[in-house]
Amino acid sequence: MLPSVDEMLRSPTGREIGAAAGETHAAVLLRDILNALRAEIAAEVRQNASREELTAAAEQRLAAKWRHELRHASTRVINATGVVIHTNLGRAPLSEGAREAMMAASGYCNLEYDLDTASRGRRGGSAEDLVCELTGAEAAVIVNNCAAAAYFVLSALASGCEVIVSRGELVEIGGDFRVPDVLARSGAELREVGTTNRTKLADYEKAIGDATRMILRVHPSNYRIVGFTAMPELSELAKLARKHDVISFEDIGSGALIDLSEFGLTNEPVVRRSIEAGVDIVAFSGDKLLGGPQAGIIAGKPELIQKLRKHPLYRALRVDKVVYATLEATLRAYRRGATDEIPVIRMLSMSRDEIRERAEGLITAIGESDLKLELTDGVSAVGGGAAPDASLETTLIAVSHPTLSAERIEYSLRNAEVPVVARIVDDRVMIDLRTVEVNDESQLASALAQTVG
Ligand SMILES: *Cc1c(COP(=O)(O)O)cnc(C)c1O
(Lines give C-alpha, C1' and ligand atoms only; values in the text may rest on other atoms or scores of the structure.)
Protein backbone atom coordinates (compact mmCIF):
# COMPACT_ATOMS: atom_id res chain seq x y z
CA MET A 1 0.00 0.00 0.00
CA LEU A 2 2.88 2.36 0.66
CA PRO A 3 4.21 4.55 -2.17
CA SER A 4 7.92 4.11 -2.99
CA VAL A 5 10.56 6.76 -2.32
CA ASP A 6 10.72 7.42 -6.08
CA GLU A 7 6.98 7.92 -6.33
CA MET A 8 7.09 10.25 -3.37
CA LEU A 9 9.89 12.28 -4.98
CA ARG A 10 7.56 12.79 -7.99
CA SER A 11 4.68 14.05 -5.81
CA PRO A 12 4.18 17.85 -5.71
CA THR A 13 5.66 18.14 -2.20
CA GLY A 14 8.44 15.70 -3.07
CA ARG A 15 9.42 17.72 -6.15
CA GLU A 16 9.35 20.99 -4.25
CA ILE A 17 11.46 19.74 -1.35
CA GLY A 18 13.71 17.74 -3.67
CA ALA A 19 14.52 21.01 -5.45
CA ALA A 20 15.14 22.91 -2.21
CA ALA A 21 17.03 20.24 -0.25
CA GLY A 22 18.50 18.18 -3.06
CA GLU A 23 16.89 14.89 -4.15
CA THR A 24 19.37 12.74 -2.24
CA HIS A 25 18.55 14.48 1.03
CA ALA A 26 14.80 14.44 0.32
CA ALA A 27 15.10 10.67 -0.29
CA VAL A 28 16.81 10.23 3.09
CA LEU A 29 13.94 12.06 4.80
CA LEU A 30 11.37 10.04 2.84
CA ARG A 31 12.95 6.70 3.71
CA ASP A 32 12.55 7.54 7.42
CA ILE A 33 8.97 8.69 6.91
CA LEU A 34 7.99 5.56 4.92
CA ASN A 35 9.66 3.32 7.52
CA ALA A 36 7.67 5.02 10.26
CA LEU A 37 4.44 4.60 8.29
CA ARG A 38 5.29 0.94 7.63
CA ALA A 39 5.78 0.40 11.37
CA GLU A 40 2.45 2.08 12.08
CA ILE A 41 0.71 -0.21 9.57
CA ALA A 42 2.37 -3.26 11.14
CA ALA A 43 1.30 -2.07 14.57
CA GLU A 44 -2.22 -1.76 13.17
CA VAL A 45 -2.38 1.95 13.90
CA ARG A 46 -3.28 2.56 10.27
CA GLN A 47 -4.78 -0.71 9.14
CA ASN A 48 -7.50 0.77 6.93
CA ALA A 49 -5.60 3.63 5.31
CA SER A 50 -5.83 3.83 1.54
CA ARG A 51 -2.82 4.38 -0.68
CA GLU A 52 -3.96 7.98 -1.28
CA GLU A 53 -4.21 8.60 2.46
CA LEU A 54 -0.75 7.15 3.03
CA THR A 55 0.71 9.28 0.23
CA ALA A 56 -0.92 12.39 1.67
CA ALA A 57 0.39 11.54 5.16
CA ALA A 58 3.91 11.02 3.79
CA GLU A 59 3.79 14.35 1.93
CA GLN A 60 2.64 16.13 5.04
CA ARG A 61 5.40 14.61 7.14
CA LEU A 62 8.00 15.44 4.53
CA ALA A 63 6.93 19.09 4.54
CA ALA A 64 6.99 19.17 8.36
CA LYS A 65 10.43 17.57 8.54
CA TRP A 66 11.80 20.06 6.03
CA ARG A 67 10.29 23.03 7.89
CA HIS A 68 11.89 21.74 11.07
CA GLU A 69 15.29 21.47 9.40
CA LEU A 70 15.05 24.98 8.03
CA ARG A 71 14.36 26.33 11.51
CA HIS A 72 17.63 24.85 12.70
CA ALA A 73 19.65 26.39 9.90
CA SER A 74 21.26 29.74 10.74
CA THR A 75 18.52 32.32 10.64
CA ARG A 76 18.03 35.85 11.82
CA VAL A 77 16.01 36.45 14.99
CA ILE A 78 14.63 39.46 16.80
CA ASN A 79 16.20 39.83 20.24
CA ALA A 80 13.48 41.11 22.57
CA THR A 81 15.26 39.90 25.71
CA GLY A 82 16.96 43.20 26.50
CA VAL A 83 20.31 41.41 26.85
CA VAL A 84 22.48 43.55 24.59
CA ILE A 85 25.44 41.21 24.10
CA HIS A 86 23.54 37.92 24.02
CA THR A 87 26.05 35.15 23.35
CA ASN A 88 23.30 32.68 22.35
CA LEU A 89 21.93 35.18 19.84
CA GLY A 90 25.24 36.02 18.17
CA ARG A 91 26.58 38.72 20.52
CA ALA A 92 27.05 42.11 18.85
CA PRO A 93 24.73 42.94 15.95
CA LEU A 94 26.87 44.62 13.28
CA SER A 95 26.45 48.18 12.07
CA GLU A 96 25.11 48.96 8.60
CA GLY A 97 28.62 50.02 7.59
CA ALA A 98 30.08 46.75 8.84
CA ARG A 99 27.45 44.77 6.95
CA GLU A 100 28.24 46.62 3.74
CA ALA A 101 31.96 46.08 4.27
CA MET A 102 31.30 42.39 4.82
CA MET A 103 29.49 42.14 1.49
CA ALA A 104 32.21 44.07 -0.32
CA ALA A 105 35.00 41.87 1.05
CA SER A 106 33.15 38.62 0.50
CA GLY A 107 34.40 38.22 -3.07
CA TYR A 108 38.03 38.74 -4.00
CA CYS A 109 39.58 41.54 -1.98
CA ASN A 110 42.99 43.04 -1.21
CA LEU A 111 43.43 40.87 1.90
CA GLU A 112 47.18 40.38 1.41
CA TYR A 113 47.71 42.50 -1.65
CA ASP A 114 49.12 46.00 -1.79
CA LEU A 115 47.33 47.90 -4.55
CA ASP A 116 50.05 50.57 -4.66
CA THR A 117 52.97 48.27 -5.31
CA ALA A 118 51.14 45.30 -6.86
CA SER A 119 52.90 43.04 -4.40
CA ARG A 120 52.14 41.13 -1.26
CA GLY A 121 50.59 43.29 1.48
CA ARG A 122 50.24 42.95 5.24
CA ARG A 123 47.26 40.80 6.13
CA GLY A 124 44.88 42.75 8.37
CA GLY A 125 47.15 45.79 8.25
CA SER A 126 44.41 48.35 8.04
CA ALA A 127 42.41 46.90 10.95
CA GLU A 128 45.55 46.68 13.07
CA ASP A 129 46.46 50.30 12.33
CA LEU A 130 42.97 51.37 13.40
CA VAL A 131 43.32 49.42 16.66
CA CYS A 132 46.59 51.24 17.33
CA GLU A 133 45.10 54.64 16.52
CA LEU A 134 42.10 54.08 18.79
CA THR A 135 43.91 52.54 21.75
CA GLY A 136 47.29 54.26 21.65
CA ALA A 137 49.03 50.90 21.28
CA GLU A 138 52.12 50.71 19.09
CA ALA A 139 51.24 47.41 17.43
CA ALA A 140 48.37 44.96 17.19
CA VAL A 141 47.50 41.54 15.83
CA ILE A 142 44.07 39.99 15.45
CA VAL A 143 43.02 36.38 16.08
CA ASN A 144 39.81 34.36 16.23
CA ASN A 145 38.49 35.47 19.64
CA CYS A 146 39.68 36.64 23.04
CA ALA A 147 40.00 33.07 24.32
CA ALA A 148 42.37 32.35 21.42
CA ALA A 149 44.19 35.61 22.14
CA ALA A 150 44.79 34.72 25.80
CA TYR A 151 45.90 31.19 24.92
CA PHE A 152 48.12 32.47 22.13
CA VAL A 153 49.88 35.11 24.25
CA LEU A 154 50.48 32.62 27.07
CA SER A 155 51.75 29.82 24.78
CA ALA A 156 53.89 32.00 22.57
CA LEU A 157 55.42 34.16 25.27
CA ALA A 158 55.31 32.21 28.55
CA SER A 159 55.28 28.49 27.74
CA GLY A 160 57.56 26.59 30.12
CA CYS A 161 57.81 29.61 32.44
CA GLU A 162 55.90 30.94 35.42
CA VAL A 163 52.98 33.32 35.10
CA ILE A 164 51.91 35.18 38.24
CA VAL A 165 48.17 35.63 38.76
CA SER A 166 46.19 36.93 41.74
CA ARG A 167 43.95 34.34 43.40
CA GLY A 168 41.11 36.82 42.93
CA GLU A 169 41.44 36.55 39.16
CA LEU A 170 41.41 32.78 38.70
CA VAL A 171 37.91 33.06 37.30
CA GLU A 172 35.67 31.29 34.85
CA ILE A 173 34.29 33.66 32.22
CA GLY A 174 31.71 31.14 31.02
CA GLY A 175 31.54 28.57 28.27
CA ASP A 176 34.51 26.67 29.69
CA PHE A 177 36.94 29.58 29.61
CA ARG A 178 38.69 29.11 32.96
CA VAL A 179 41.86 31.05 33.57
CA PRO A 180 43.78 28.24 35.35
CA ASP A 181 42.84 25.72 32.63
CA VAL A 182 43.84 28.01 29.77
CA LEU A 183 47.13 28.65 31.53
CA ALA A 184 47.79 24.95 32.03
CA ARG A 185 46.99 24.22 28.36
CA SER A 186 49.33 26.93 27.17
CA GLY A 187 52.27 25.17 28.84
CA ALA A 188 52.82 28.05 31.25
CA GLU A 189 53.08 27.41 34.95
CA LEU A 190 50.53 29.15 37.19
CA ARG A 191 51.96 30.96 40.19
CA GLU A 192 49.06 32.07 42.42
CA VAL A 193 49.55 35.03 44.71
CA GLY A 194 47.46 36.86 47.32
CA THR A 195 44.01 35.79 48.41
CA THR A 196 40.59 35.73 46.82
CA ASN A 197 39.68 39.20 48.02
CA ARG A 198 43.03 40.91 48.59
CA THR A 199 46.27 40.86 46.65
CA LYS A 200 49.00 43.44 47.17
CA LEU A 201 51.84 44.59 44.99
CA ALA A 202 54.27 43.04 47.50
CA ASP A 203 52.61 39.64 46.93
CA TYR A 204 53.50 39.86 43.25
CA GLU A 205 57.00 41.12 43.94
CA LYS A 206 57.75 38.32 46.41
CA ALA A 207 56.71 35.72 43.85
CA ILE A 208 58.97 36.97 41.07
CA GLY A 209 61.92 34.64 40.53
CA ASP A 210 64.16 33.29 37.80
CA ALA A 211 61.36 31.23 36.27
CA THR A 212 58.92 34.16 36.10
CA ARG A 213 58.11 35.30 32.59
CA MET A 214 54.86 37.19 32.97
CA ILE A 215 52.41 38.92 35.29
CA LEU A 216 48.86 38.32 34.16
CA ARG A 217 45.93 40.56 35.10
CA VAL A 218 42.48 39.22 34.23
CA HIS A 219 39.41 41.41 34.21
CA PRO A 220 36.91 39.28 36.17
CA SER A 221 34.17 40.32 33.69
CA ASN A 222 30.91 38.83 34.91
CA TYR A 223 32.02 38.53 38.52
CA ARG A 224 32.75 41.04 41.27
CA ILE A 225 34.59 40.86 44.55
CA VAL A 226 33.20 43.57 46.81
CA GLY A 227 33.79 44.66 50.39
CA PHE A 228 37.20 44.13 52.01
CA THR A 229 39.26 44.03 48.84
CA ALA A 230 42.60 45.19 47.51
CA MET A 231 44.26 45.01 44.14
CA PRO A 232 47.28 46.95 42.92
CA GLU A 233 46.73 49.55 40.22
CA LEU A 234 47.46 48.33 36.72
CA SER A 235 50.21 50.95 36.37
CA GLU A 236 51.92 49.62 39.51
CA LEU A 237 51.82 46.08 38.12
CA ALA A 238 53.22 47.25 34.78
CA LYS A 239 56.00 49.12 36.56
CA LEU A 240 56.84 46.10 38.70
CA ALA A 241 56.99 43.90 35.59
CA ARG A 242 59.34 46.34 33.86
CA LYS A 243 61.57 46.54 36.91
CA HIS A 244 62.02 42.77 36.90
CA ASP A 245 62.13 42.44 33.13
CA VAL A 246 58.99 40.29 32.86
CA ILE A 247 56.01 40.80 30.57
CA SER A 248 52.78 42.39 31.85
CA PHE A 249 49.69 41.06 30.12
CA GLU A 250 46.09 42.08 30.73
CA ASP A 251 43.17 39.96 29.55
CA ILE A 252 40.56 42.73 29.42
CA GLY A 253 37.80 40.60 27.90
CA SER A 254 34.94 42.89 26.92
CA GLY A 255 37.27 45.72 25.89
CA ALA A 256 35.40 49.00 25.68
CA LEU A 257 37.08 51.43 23.30
CA ILE A 258 35.30 54.38 24.87
CA ASP A 259 34.27 55.23 28.41
CA LEU A 260 30.76 53.86 28.92
CA SER A 261 30.24 55.09 32.49
CA GLU A 262 27.62 57.63 31.42
CA PHE A 263 25.47 54.63 30.43
CA GLY A 264 25.93 53.00 33.83
CA LEU A 265 28.92 50.80 32.94
CA THR A 266 31.22 52.27 35.55
CA ASN A 267 33.55 49.30 36.04
CA GLU A 268 34.37 48.51 32.43
CA PRO A 269 38.06 48.94 31.67
CA VAL A 270 38.76 51.10 28.62
CA VAL A 271 41.51 49.65 26.42
CA ARG A 272 43.35 52.96 25.97
CA ARG A 273 43.70 53.35 29.75
CA SER A 274 45.38 49.96 30.05
CA ILE A 275 47.86 50.88 27.33
CA GLU A 276 48.46 54.23 29.04
CA ALA A 277 49.03 52.40 32.33
CA GLY A 278 52.03 50.85 30.62
CA VAL A 279 50.86 47.25 30.21
CA ASP A 280 52.98 45.41 27.61
CA ILE A 281 50.10 43.49 26.02
CA VAL A 282 46.32 43.60 26.27
CA ALA A 283 43.75 41.24 24.76
CA PHE A 284 40.04 41.89 24.24
CA SER A 285 37.05 40.62 22.28
CA GLY A 286 35.74 42.14 19.06
CA ASP A 287 32.10 41.21 19.61
CA LYS A 288 31.46 42.31 23.16
CA LEU A 289 31.39 46.01 24.10
CA LEU A 290 33.34 46.93 20.98
CA GLY A 291 30.29 45.93 18.94
CA GLY A 292 32.07 44.30 16.01
CA PRO A 293 32.61 40.76 14.68
CA GLN A 294 33.95 37.83 16.71
CA ALA A 295 37.67 38.47 17.06
CA GLY A 296 40.43 38.55 19.64
CA ILE A 297 42.44 41.73 19.48
CA ILE A 298 45.96 41.74 20.89
CA ALA A 299 47.63 45.13 21.23
CA GLY A 300 50.87 46.28 22.78
CA LYS A 301 54.63 46.43 22.42
CA PRO A 302 55.87 45.95 18.83
CA GLU A 303 58.60 43.42 19.67
CA LEU A 304 56.09 41.16 21.46
CA ILE A 305 53.42 41.55 18.78
CA GLN A 306 56.05 40.73 16.17
CA LYS A 307 56.90 37.52 18.05
CA LEU A 308 53.23 36.55 18.00
CA ARG A 309 52.91 37.25 14.29
CA LYS A 310 55.91 35.04 13.54
CA HIS A 311 54.73 32.21 15.81
CA PRO A 312 53.42 29.07 14.03
CA LEU A 313 50.17 29.22 16.04
CA TYR A 314 49.26 32.54 14.41
CA ARG A 315 48.45 30.76 11.16
CA ALA A 316 45.99 28.52 13.02
CA LEU A 317 44.31 31.37 14.87
CA ARG A 318 44.19 34.15 12.27
CA VAL A 319 40.89 35.55 11.02
CA ASP A 320 39.12 35.63 7.71
CA LYS A 321 38.88 38.57 5.27
CA VAL A 322 35.24 39.19 6.19
CA VAL A 323 36.20 39.64 9.85
CA TYR A 324 38.90 42.18 8.99
CA ALA A 325 36.48 44.10 6.78
CA THR A 326 33.69 44.25 9.41
CA LEU A 327 36.12 45.10 12.18
CA GLU A 328 37.67 47.89 10.10
CA ALA A 329 34.26 49.39 9.35
CA THR A 330 33.32 49.25 13.05
CA LEU A 331 36.61 50.85 14.10
CA ARG A 332 36.27 53.57 11.46
CA ALA A 333 32.91 54.50 13.02
CA TYR A 334 34.70 54.96 16.36
CA ARG A 335 37.37 57.10 14.71
CA ARG A 336 34.68 59.38 13.20
CA GLY A 337 33.04 59.62 16.61
CA ALA A 338 29.94 58.06 15.05
CA THR A 339 29.41 55.57 17.87
CA ASP A 340 25.62 55.84 17.49
CA GLU A 341 26.10 53.86 14.25
CA ILE A 342 27.30 50.90 16.32
CA PRO A 343 24.23 48.98 17.52
CA VAL A 344 25.76 47.85 20.84
CA ILE A 345 26.66 51.41 21.82
CA ARG A 346 23.34 52.79 20.56
CA MET A 347 21.42 50.16 22.56
CA LEU A 348 23.44 50.79 25.72
CA SER A 349 22.84 54.51 25.43
CA MET A 350 19.04 54.37 25.19
CA SER A 351 17.19 55.83 28.16
CA ARG A 352 14.12 54.33 29.79
CA ASP A 353 12.00 57.19 28.44
CA GLU A 354 13.24 56.72 24.90
CA ILE A 355 12.36 53.05 25.09
CA ARG A 356 8.97 53.92 26.64
CA GLU A 357 8.21 56.22 23.71
CA ARG A 358 9.04 53.48 21.21
CA ALA A 359 6.97 50.98 23.20
CA GLU A 360 3.96 53.32 23.18
CA GLY A 361 4.37 53.74 19.43
CA LEU A 362 4.47 49.99 18.92
CA ILE A 363 1.34 49.44 21.03
CA THR A 364 -0.49 52.12 19.02
CA ALA A 365 0.67 50.48 15.78
CA ILE A 366 -0.68 47.09 16.89
CA GLY A 367 -4.06 48.68 17.66
CA GLU A 368 -7.10 46.64 18.69
CA SER A 369 -6.08 43.17 19.83
CA ASP A 370 -7.07 40.48 22.29
CA LEU A 371 -3.55 40.74 23.67
CA LYS A 372 -3.11 42.83 26.76
CA LEU A 373 -0.06 45.05 26.29
CA GLU A 374 1.05 46.93 29.40
CA LEU A 375 4.11 49.07 30.01
CA THR A 376 6.19 48.36 33.09
CA ASP A 377 9.58 49.46 34.40
CA GLY A 378 12.38 46.91 34.31
CA VAL A 379 16.08 46.43 33.70
CA SER A 380 17.99 45.33 30.63
CA ALA A 381 21.30 43.47 30.89
CA VAL A 382 24.60 44.21 29.17
CA GLY A 383 25.48 40.50 28.82
CA GLY A 384 28.58 39.12 27.17
CA GLY A 385 30.41 38.77 30.46
CA ALA A 386 30.30 42.52 31.02
CA ALA A 387 29.40 44.46 34.11
CA PRO A 388 27.20 42.27 36.31
CA ASP A 389 26.54 45.31 38.48
CA ALA A 390 25.48 47.65 35.68
CA SER A 391 21.75 48.15 35.56
CA LEU A 392 20.18 49.62 32.49
CA GLU A 393 16.73 50.93 33.30
CA THR A 394 14.19 50.14 30.66
CA THR A 395 10.50 50.06 29.86
CA LEU A 396 9.12 46.61 29.14
CA ILE A 397 6.03 45.67 27.21
CA ALA A 398 4.31 43.01 29.30
CA VAL A 399 2.23 40.78 27.04
CA SER A 400 -0.64 38.65 28.34
CA HIS A 401 -3.93 37.25 27.08
CA PRO A 402 -7.22 36.31 28.78
CA THR A 403 -6.98 32.66 27.72
CA LEU A 404 -3.52 32.02 26.23
CA SER A 405 -0.72 31.19 28.69
CA ALA A 406 2.54 33.14 28.75
CA GLU A 407 4.28 29.95 27.56
CA ARG A 408 1.90 29.76 24.58
CA ILE A 409 2.55 33.39 23.63
CA GLU A 410 6.32 32.98 24.01
CA TYR A 411 6.20 29.82 21.87
CA SER A 412 4.21 31.56 19.20
CA LEU A 413 6.65 34.50 19.07
CA ARG A 414 9.59 32.11 18.87
CA ASN A 415 7.91 30.36 15.94
CA ALA A 416 7.03 33.52 14.02
CA GLU A 417 8.28 34.05 10.47
CA VAL A 418 11.19 36.01 11.95
CA PRO A 419 11.53 34.32 15.35
CA VAL A 420 11.20 36.68 18.32
CA VAL A 421 13.09 35.68 21.47
CA ALA A 422 11.52 37.06 24.66
CA ARG A 423 11.50 36.14 28.33
CA ILE A 424 8.68 35.28 30.72
CA VAL A 425 8.43 37.02 34.09
CA ASP A 426 5.51 36.38 36.48
CA ASP A 427 3.31 34.80 33.83
CA ARG A 428 3.74 37.60 31.33
CA VAL A 429 5.91 37.71 28.24
CA MET A 430 8.31 40.64 28.51
CA ILE A 431 9.44 42.53 25.43
CA ASP A 432 12.39 44.88 25.84
CA LEU A 433 12.74 47.17 22.82
CA ARG A 434 16.28 48.17 23.84
CA THR A 435 17.64 45.26 21.80
CA VAL A 436 15.10 45.43 18.96
CA GLU A 437 16.29 47.43 15.96
CA VAL A 438 13.77 50.12 14.94
CA ASN A 439 13.60 48.49 11.49
CA ASP A 440 12.43 45.24 13.10
CA GLU A 441 9.52 46.77 15.00
CA SER A 442 6.97 46.09 12.26
CA GLN A 443 8.07 42.42 12.09
CA LEU A 444 7.71 42.24 15.86
CA ALA A 445 4.25 43.81 15.66
CA SER A 446 3.11 41.25 13.11
CA ALA A 447 4.57 38.41 15.18
CA LEU A 448 2.57 39.71 18.16
CA ALA A 449 -0.59 40.06 16.06
CA GLN A 450 -0.19 36.46 14.86
CA THR A 451 -0.03 35.01 18.38
CA VAL A 452 -3.76 35.48 18.67
CA GLY A 453 -4.37 33.96 15.25
C1 LIG B 1 34.84 37.09 27.30
C2 LIG B 1 36.19 36.95 27.82
C3 LIG B 1 37.10 36.08 27.24
C4 LIG B 1 36.72 35.23 26.06
O5 LIG B 1 36.48 36.04 24.96
P6 LIG B 1 35.85 35.42 23.60
O7 LIG B 1 35.99 36.54 22.64
O8 LIG B 1 34.46 35.04 23.94
O9 LIG B 1 36.68 34.25 23.26
C10 LIG B 1 38.36 36.00 27.76
N11 LIG B 1 38.72 36.72 28.83
C12 LIG B 1 37.88 37.60 29.42
C13 LIG B 1 38.35 38.38 30.61
C14 LIG B 1 36.58 37.75 28.94
O15 LIG B 1 35.74 38.60 29.50
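Here we summarise the structure given alongside this text. (Residues numbered from 1 in each chain as written. Predicted model: local features only at pLDDT ≥ 70, side-chain atom pairs only at ≥ 80, totals over all residues. Heavy atoms only, no water.)

This brings us to the site of the ligand. With respect to spatial proximity, 13 residues lie near the ligand, and among them A147, S221, D251, S285 and K288 are the closest. D251 is positioned with one of its side-chain polar atoms (N or O) 2.7 Å from a nitrogen atom of the ligand. S285 is positioned such that a nitrogen or oxygen atom in its side chain is 2.6 Å from an oxygen atom of the ligand. Taken by itself the ligand offers 380 Å² of open surface, and the protein chains cover 93% of this. Every element with two or more residues in the shell around the ligand is listed here: α7 (146-158) and β11 (247-253). Among the residues making up the shell around the ligand, the classes are represented as 4 nonpolar, 6 polar and 3 charged. (Near = heavy atom within 4 Å. Polar contact = N/O pair within 3.5 Å; in protein donor to acceptor, adjacent residues only side chain to side chain. Areas by Shrake-Rupley, 256 points an atom, 1.4 Å probe, with all protein chains shown as cover. Helix = DSSP H or I, 4+ residues; strand = E, 2+ residues; numbered from the N terminus. Nonpolar A, V, L, I, M, F, W, Y, C, P; charged D, E, K, R; others polar.)

A word on the pattern of salt bridges. Applying the stated rule across the entire model yields 29 salt bridges. Between R122 and E128 there is a salt bridge, with its nearest N and O atoms 2.7 Å apart. When its relative accessible area of 45% is taken as the criterion, R122 is described as partly exposed. Assessed through its relative accessible area of 1%, E128 is described here as buried. Ionic pairing is found between R346 and E437, a salt bridge with its closest N-O pair at 2.9 Å. Pair noted here: R346 is in helix α15 (residues 343-349) and E437 is in the loop between β18 (428-432) and α18 (441-451), with a separation of 91 residues, a long-range link. Looking at R346, the relative accessible area reads 31%, which means it is partly exposed. (Salt bridge = Lys/Arg side-chain N within 4 Å of Asp/Glu carboxyl O. Buried < 20%, exposed > 50% of the residue type's maximum accessible area, 1.4 Å probe, protein only.)

Turning to a negative patch on the surface, a few remarks are in order. A grouping of D353, E354, E357 and E360 is seen on the molecular surface, where their side chains present a negatively charged patch. Position of E354 relative to the elements: it lies in helix α16 (residues 352-366). (Patch = residues over 30% accessible without salt bridge, like charges linked within 9 Å, V, L, I, M, F, W, Y side chains within 5 Å. Lys, Arg positive; Asp, Glu negative; His and termini not counted. Charge placed at Lys NZ, Arg CZ, Asp CG, Glu CD.)

Glancing now at the sheet that holds strand β5 (residues 139-143). Taken in spatial order, the 7 strands of this open sheet run β5-β13-β12-β11-β10-β6-β9, and their pairing is mixed. Of all the strands in the sheet, the pair left with one neighbour each is β5 and β9 (189-193). This sheet shows a mean twist of 25° between the axes of neighbouring strands, independent of strand direction. Strand contacts of helix α6 (residues 125-135): β5, β12 (281-285) and β13 (296-300), with the helix running at about 125° to β5, the strand carrying the most contacts. (Pairing = 2+ DSSP bridges. Axes fitted to C-alpha atoms, helices over the stretch in contact; angles between N-to-C directions. Contact = heavy atoms within 4.5 Å.)

Glancing now at the packing of aromatic side chains. If you walk through the whole model with that rule in mind, you get 1 aromatic pair. On the basis of an interplanar angle of 10° and a centroid distance of 6.4 Å, the ring pair of F152 and Y314 is categorised as stacked. You can see F152 sitting in helix α7 and its partner Y314 sitting in helix α13 (residues 312-317), a full 162 residues away along the chain. A relative accessible area of 0% places F152 in the buried class. The aromatic ring of F228 is capped on one face by R198, whose charged end is 3.9 Å from the ring centroid. (Phe/Tyr/Trp six-rings, centres within 6.5 Å; stacked < 30°, edge-to-face > 60°. Lys NZ or Arg CZ within 6 Å of the ring centre and 35° of its normal.)

Across the interface, α7 lies against helix α8 (residues 179-186) with an axial gap of 8 Å and an inter-helix angle of 40°. Taken together, the axes of α7 and α8 are oblique relative to one another. Here α7 and α8 pass one another in a crossing that is right-handed. Residue-level inspection shows Y151, L154 and S155 of α7 in contact with α8, the latter providing V182, L183, R185 and S186. Residue classes in the contact of α7 with α8 are distributed as 4 nonpolar, 2 polar and 1 charged. (Parallel < 35°, antiparallel > 145°, perpendicular 65-115°, else oblique. Left-handed = near helix turned anticlockwise from the far one by under 90°.)

This brings us to unusual backbone geometry. Even without being a glycine, R91 presents a positive backbone phi close to 50°. Mapped onto the fold, R91 is located in the loop between β2 (83-85) and α5 (96-105). Take R91: its relative accessible area is 24%, and that puts it in the partly exposed class. The backbone of D426 shows a phi angle near 50°, a positive value even though the residue is not glycine.

Moving on: the pairing of β12. Judged by how many residues are buried, β12 sits mostly within the fold: 5 of 5 residues are covered. Here β12 shows a buried face lined by I281, A283 and S285 and a second buried face lined by V282 and F284. Crossover handedness for the path β11 to helix α11 (residues 271-276) to β12: right-handed. Taken together, the 5 bridges between β12 and β13 define a ladder with antiparallel strand orientation. Each bridged residue has a counterpart across the sheet, and for V282 the counterpart in β13 is A299. (Right-handed = clockwise from strand over helix to strand, strands pointing away.)

Our focus in this paragraph is the side chain of S380. Mapped onto the secondary structure, S380 falls in strand β14 (residues 372-383). Polar side-chain contacts of S380 include one of 2.7 Å to the side chain of R434. Non-local contacts of S380, meaning those with residues more than four positions away in its chain, are made with G82, L392, T394, D432 and R434.

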